[in-house]
Structure formats: structure tokens, C-alpha cells
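Survey of secondary and tertiary structure
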Amino acid sequence: MKYVISLFIGMVIGMALFVAGIYFNPFVGNSSVSPLAISDLDLVDLSYSQVPGESIVFTNDGESRVDPYPSKVLQLWEPTVRNTRGFVTTLNDSRGEATGIGVKFSSDSERTALMDAEVLVDSIWHIYLPGRGTLFVDQTENFWSYLRDIVIPARLSSGENWRGSWHGIMSTGPGALGTARVTGSTGSLMGVEAEAVESISAKAYSATSGPVGMNGNLTIALPHAEEEPL
Amino acid sequence: MFKSFNLGIVLGIALAAAIVYSFPVVDQYREKSLISVHANGGNSELFHISLPEDRIMAGVQGAPRSTPPGLDWPDYDFLANIQTELFKVRNESGVVVGAASRMSGEMEEHGPFVEWVVHLPARGTMFVKMAVSPSPDGYRQGNLRAGTREFLTLNGVVLERFVREEDDPELGTVGRIELAAALVGPAEELE
């Protein structure tokens, strides 16, 4: 009997070691340096608030910790869209002035692999930039570091919140350098094929209501505008 | 006893690894795809949006009532001629299979535009640029500009048609938007 008990205790400790190994693995996680940092292309920075109450519309299945906004917005409760979020926000330029509008749909990805520290989300942006045109951005985001560094500590905290300073690059593909794919459609962006990177800068998170002080940033590397011949 | 404890640790690690590896963390629910396959290798599929119940958001300045209630649509000048809408999307059987955004309007420098993004979580996303003017029979034709996953390599057209059923003073316009996609994959060389 004592052999069985020691085997059982060993198994429990082994499973705990495995979970701890994944959770504390220092060799995985999101980069904080954008792959576009050394690009010589024209970089367009678009920032927005990740706080649902500061968006125009945020909707999800209605049962998550993060409440939809406005409260009476139609919720995505059907089985096929239950793991999807819809988000509409004003996009600001680097000076903080409104420069466009963006719609984002995000769905949990079936390629999520905890063993590889990948909590993946397939997301797309539909963006209108006045004076320029419209863009479609598709990407896979990895929320592993976000969960490990912000969400789980907030839930484990006695005050059910997290405060600090965190910055992470969320985009992990489909581009070879982990960049998002950008397709221009109208205006001066018509026919443009480009890359983008989305990042999050967090200062506060509540385990009960979600992001409190958090901004997203979408950096799009556009080809140089063609110069008019003299 | 110490040996069985060590063996337990190894077994525990192996068991945890097997569980994490074997069980999917995310399992998107799939509706049966109602696709018609054609002789040229293409396929066609019909989606629709029932109005007003599938409208998540109608972002337009000066609208008599906001959808959703409480929507605070920005009054920036650059949005004056732009309309942004969010919908749930249904398949031919009327089951919700995704969500979509439709942007339309007129840009000062570049003229009018109409675009759809149709996001089907279990399958992928279509980005469609529509013709500005519909045909005399009410169809507006668009081209698939980009796609993800299942739609990544496809090309083709999407037809949009609005079918008005009635004008209800309470609900507004009652009807449906039909989206008919006719897509084909890249030609493959015969062996």
C-alpha cells in the first residue's frame, strides 16, 4: 500500500513540476521589440484603448469576465461565435489625435498549444484611415505572456488586480518575422501589400472586469509613397 | 518506496504532458458547410443577415436611433460620410456562423467605397471590395481582395443584395442582406 501511496504522491508532484516548468519557462514568451523597429519603410502608428468601456463597441459571449459595451449590445452567444470578440474603436496617431476607425474580430485559435507556450488568437482588423483609404490586417496573436504576466497574477492577487508596467508584441504571424499581413483596398492604399505589428502596453488589469489601464498599438509598415517625377 | 516515488514523478510528468498534448484547449464549434461544388472546381455558398435582429452596430452620424442602444458614435468630421456596421452572419439554413463588418461611404479625395469583412471563426475570413453601384436588378458585385485560412488561396466574387420586406416604425427596415460567394482555388497542374 505504501508503494502505491508514494507512487501517487510522486505523480501529483510530477504533474505539478510539469505545470511549473511550462509556467516559469524563461525561454518562451513574447518579444518586446518590434520586428519592424529597423524597417526603413514608412511606419504608421495607430494606438487605441484596450479598455472596453473606452471603445465604441465591444461584444463577446456575454458570460466572460469582461462585460460587453454598451451593455445592451448584441452578444455573440451562439456556439459558432462564442469564442469570438468584436471590437470597434477610434484609432489615434502618435500625437494622440483621432486619425481613423477600426473594427477588430478576434477568435480563439485551435492551434493553441500550451506545451509550446502558445495561447493563440486569430484576429483581423478592418480599418478606415481618412485621406488614405481602407486596410485589412490579418494576424495570429500569442497571449501567453499576457496571461502569465498579467491575468494570472491578477487572479492570484488578494485584491484581484494587477498593476505594473508591461509591454509585449502580440503579433506572431503569418509573416516570417512574426508580422501581420496587411492588404490595402481603396484610396492611396489600393493594392498595397504590407506588414504590421500589434503590441500591448499595460498598466492595470482587474481580474473581475478586465483591462483597466491598457493601450494597444498597431504599427503598419507601408511602402514609400511614389514621388512625382520632376 | 523511494523508487516508486521517483517513478511516480516521471509518470506524473508524462501524464501531464500527454493530457496537455492530447486535449485541444480550443475547439471551435463547426456548422456543416452548405457549399455547392461546381465542375470547374469552384464552389458557391450563400450567407444572409436578417435585419434588424442580426445588426450588432450601426455607426452613422445623425442616425435617428442608435444601434446598439447607448452607442456613442464619434462625431469627427472625417466620419461624416462613412457608415460602419457590424452584423451576425447566418448560413443558408439560418444558423449564425460568423460576424461581419461593412464599411461604406465617400472619401473626400478618393470617392465612394463599399467593403465587407466576413469573419467565420472556424474557417477564416473574407475581405471583399464591392462595386459602388448595384446592378439594375439590385445586385452589387465584389471581388475577394484577401482571405485567411480556408479563404487564403481562393479567388472569386461575392454578390450582395438587400431584400426589403417591410418598413416597421418600431424596428426600422425589416429585411435581409444576402451574400453569395462564388470562389475558386488556384489552378493546379495535372500530373
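In the block above lies the structure referred to throughout.
About the thresholds
Residues numbered from 1 in each chain as written. Chains lettered and ligands numbered in written order. Predicted model: local features only at pLDDT ≥ 70, side-chain atom pairs only at ≥ 80, totals over all residues. Helix = DSSP H or I, 4+ residues; strand = E, 2+ residues; numbered from the N terminus. Rg over C-alpha atoms; globule rule 2.2 N^0.38 Å. Buried ≥ 20, exposed ≤ 12 C-beta atoms within 10 Å, placed from the backbone. Contact = placed C-beta atoms within 7 Å. Expected span 1.5 Å × (residues − 1).

**Details of the overall build of chain B**
- When helices and strands are counted, chain B shows one helix and 10 strands.
- Beginning at the N terminus, the succession of helices and strands in chain B can be written as α-β-β-β-β-β-β-β-β-β-β.
- In summary, chain B has a C-alpha radius of gyration of 23 Å against a globular reference of 16 Å for 191 residues, an excess of more than 25%.
- Taking the principal axes of its C-alpha atoms as reference, chain B extends roughly 80 × 55 × 35 Å.
- The burial tally for chain B puts 35% of its 191 residues in the buried class.
- Considering only intrachain contacts with a sequence separation of at least 6, the fraction spanning at least 24 residues in chain B is 43%.

**As for unusual backbone geometry**
All names here are of chain A.
- Cis geometry marks the peptide bond from Tyr 69 to Pro 70, where omega comes out at -10°.
- When you line up the elements, Pro 70 lands in the loop between β2 (57–59) and β3 (84–92).
- Within the chain, Glu 160 stands out as a residue other than glycine whose phi angle is a positive 55°.
- The exposure class of Glu 160 is partly exposed, given the 13 C-beta atoms found within 10 Å.

**Focus on the interface of chain A and chain B**
- At the junction of the two partners, chain A supplies 57 residues and chain B supplies 59 residues.
- When contributions to the side of chain A that touches chain B are tallied by element, the ones reaching two or more residues are α1 (2–24), β2, β3, β4 (98–108), β5 (120–129) and β6 (133–142) of chain A.
- For the side of chain A that touches chain B, the element with the highest residue contribution is α1(A), accounting for 15 residues.

**Re α1(A)**
- Counted at 1.5 Å a residue, the expected span for α1(A) with its 23 residues is 33 Å, and the 32 Å between its end C-alpha atoms agrees.
- Burial in α1(A) covers these residues: Gly10(A), Met11(A), Gly14(A), Met15(A) and Phe18(A).
- The secondary structure elements touched by the buried residues of α1(A) are α1 (2–22) of chain B.

Keep in mind that these numbers describe shape and distance, not what the molecule does.
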